[in-house]
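As a plain string of letters, each chain reads:
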Amino acid sequence: MGSPLSPIIANIFMEHFETQALQSSPTRPSLWLCYVDDTFVIWPHSRSELDLFLRHLNQQHPNIQFTMEIEEDNSIPFLDVLVKKTPSGFPSHQVYRKPTHTDRYLHYRSHHHPSVQQSVPNALIRRAYQLSDQEHLHKEIKHVTHALTTINKYPRRKIRTLPPSKKTNNSTPIDQTLHQTTYHCRTTLHREDISPATDKIPTNKQPGVYKIPCDCGKIYIGETGRNFDTRLKEHKTCQQQCDWEKSAIVKHAQKEDHHIDWNNSQLISSIPQWHSRRIREAIEINRHNTIPQDTGLHINNIWLPVLHNEPISGRKQPNSTPNSTSPSETLPATLPTRVTTSRYNLRPLTRCP
């Protein structure tokens, strides 16, 4: 323990141990598969000879002792695979879950990066295709889909049940050379503080989180993936066409007989990423006195004291006015959280059907 060589030396010793034990045994299994400290064995002899074989293994070294688990109902689990004997003689296999398994994974409403959340259904579906045969594949995919959508609140669109694609590397030596060349050019330009000359996009032509004030003192907070001007025109069109249900600020002004201050509408923060915009929108809704509207992304109440008392830190927005009452800086894309997962102690088993 503590040395990088420890697992290598342990594997070398166990291979030597298994070779000696099997060669010195009067009766041998027809199949011996070992993964770390778990072994899958097919025993073609009698039960009494199996007990003698187990006793023989435990006599090889005083510090290495095996335990045994025998098949029940023609099935036995090995790692996370449940192997069953069929009348045809060919074993069937499917995903194995312990009786204490609760189907709880990373919750969709937890504060994690979207790529981390998406990796949960991707990994479970990939495992279903890798460990289940055709007879049990549909049942396993149905079980995973139900567990993710009901217990862990994943949207159905996030669960791709198609077979996972196999990525192939079709790059040629020329492609690899060009990649290395562009990488060195990019790092050299960055080191010398040289940036390409590009025209800056006006603030009102960028996506992000915006606010629209009302003369009653309340404001509307929204987010858009298009430019701010286009979204603002859509709100104005809803007012002109009396389409109040499509705009919360227009509905509020019509219901309360208020006036919308279109001239002081502005982009609070320019954020191109969708998930980061949703987080910032929810934060701004909690920080301001807003009109009745959708609260957006759920934020745990534990963050409310921080959101109301701490200033927003980050980069400043271009073209912001010093007298503006809205925050002029950008929040981090995610909020820090800590997730606690349960762990179970596993014991080494030698399984012999």
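Everything discussed here concerns the structure shown above.
Basis of the calculations
Residues numbered from 1 in each chain as written. Predicted model: local features only at pLDDT ≥ 70, side-chain atom pairs only at ≥ 80, totals over all residues. Heavy atoms only, no water. Salt bridge = Lys/Arg side-chain N within 4 Å of Asp/Glu carboxyl O. Helix = DSSP H or I, 4+ residues; strand = E, 2+ residues; numbered from the N terminus. Phe/Tyr/Trp six-rings, centres within 6.5 Å; stacked < 30°, edge-to-face > 60°. Buried < 20%, exposed > 50% of the residue type's maximum accessible area, 1.4 Å probe, protein only. Expected span 1.5 Å × (residues − 1). Pairing = 2+ DSSP bridges. Axes fitted to C-alpha atoms, helices over the stretch in contact; angles between N-to-C directions. Contact = heavy atoms within 4.5 Å. Core = buried A, V, L, I, M, F, W, Y, C linked by side-chain atoms within 4.5 Å. Patch = residues over 30% accessible without salt bridge, like charges linked within 9 Å, V, L, I, M, F, W, Y side chains within 5 Å. Areas by Shrake-Rupley, 256 points an atom, 1.4 Å probe, with all protein chains shown as cover.

(A) Quick peek at the pattern of salt bridges. As enumerated under the stated definition, the model contains 12 salt bridges in all. Salt-bridge contacts for Arg97 lead to Asp103; the nearest nitrogen and oxygen are separated by 3.8 Å. Measuring nitrogen to oxygen at the nearest pair gives 2.8 Å for the salt bridge that ties Arg277 to Glu223. Residue Arg277 is located in helix H8 (residues 274-287), and its partner Glu223 is located in strand S8 (residues 219-224); the two are separated by 54 residues in the primary sequence.

(B) Local environment of the packing of aromatic side chains. Applying the stated criterion across every chain yields a total of seven aromatic pairs. On the basis of an interplanar angle of 55 degrees and a centroid distance of 6.2 Å, the ring pair of Tyr210 and Tyr220 is categorised as tilted. You can see Tyr210 sitting in strand S7 (residues 208-213) and its partner Tyr220 sitting in strand S8, a full 10 residues away along the chain. There is no split in this pair, since Tyr210 and Tyr220 are both buried. Clustering of aromatic rings is evident, with ring pairs tying together Trp32, Trp43 and Phe53.

(C) Structural context of helix H6 (residues 228-240). The terminal C-alpha atoms of H6 lie 19 Å apart, and with 13 residues this matches the ideal 18 Å at 1.5 Å per residue to within 8%. Taken residue by residue, H6 has Phe228, Asp229, Arg231, Leu232, His235 and Cys238 as its buried positions. Following H6 by one or two positions, Cys242 adopts a phi angle in the positive range, close to 55 degrees.

(D) Fine view of the sheet that holds strand S6 (residues 92-95). Taken in spatial order, the three strands of this open sheet run S4-S5-S6, and their pairing is antiparallel. The open sheet has two free edges, formed respectively by strand S4 (75-78) and S6, since each of these has just one partner strand. Geometrically, the sheet is characterised by an average inter-axis angle of 25 degrees between neighbouring strands, direction not taken into account. Sheet topology places strand S5 (residues 81-84) next to S6; four bridges connect them, and they run antiparallel. Pairing of Val83 across the sheet is with His93, part of S6. Helix H3 (residues 114-131) rests against S5 and S6 of the sheet, and its axis sits at about 170 degrees to S6.

(E) Broad picture of the nonpolar core. Ranked by size, the top nonpolar core spans 14 residues in total, and within it Tyr210, Ile212, Tyr220, Ile249, Val250, Ile260 and Trp262 carry the most contacts. Counting only elements with at least two residues in this core, the list comes to S7, H6 and helix H7 (248-256). Apart from the residues lying within four places of it in its own chain, the contact partners of Val250 are His235, Cys238, Gln239, Trp244, Ile260 and Trp262. Grouped together as the second largest cluster of nonpolar side chains are 12 residues, Trp32, Trp43, Leu50 and Leu57 included.

(F) Broad picture of a nonpolar patch on the surface. Where nonpolar side chains cluster on the molecular surface, the patch consists of Leu5, Ile8, Ile9 and Ile12 and spans about 410 Å² of accessible area. When you line up the elements, Ile12 lands in helix H1 (residues 6-23).

(G) Fine view of the environment of Asp51. Relative to the assigned elements, Asp51 resides in helix H2 (residues 47-58). Taking the C-alpha atoms as reference, Asp51 lies 9.3 Å from Met68; in sequence the two are 17 residues apart.

(H) Quick look at the pairing of S7. Of all the six residues making up S7, six are buried; the element is thus mostly covered by neighbouring parts of the structure. Relative to S8, S7 is paired through six bridges, and the arrangement is antiparallel. Bridge pairing links Pro213 to Ile219 in S8. The loop that links S7 with its antiparallel partner S8 comprises five residues; one of these, Gly217, has a positive phi angle of about 105 degrees. Pairing of S7 with strand S9 (residues 266-270) involves four bridges; the strand directions are antiparallel. The partner of Gly208 across the bridge, within S9, is Ser270.

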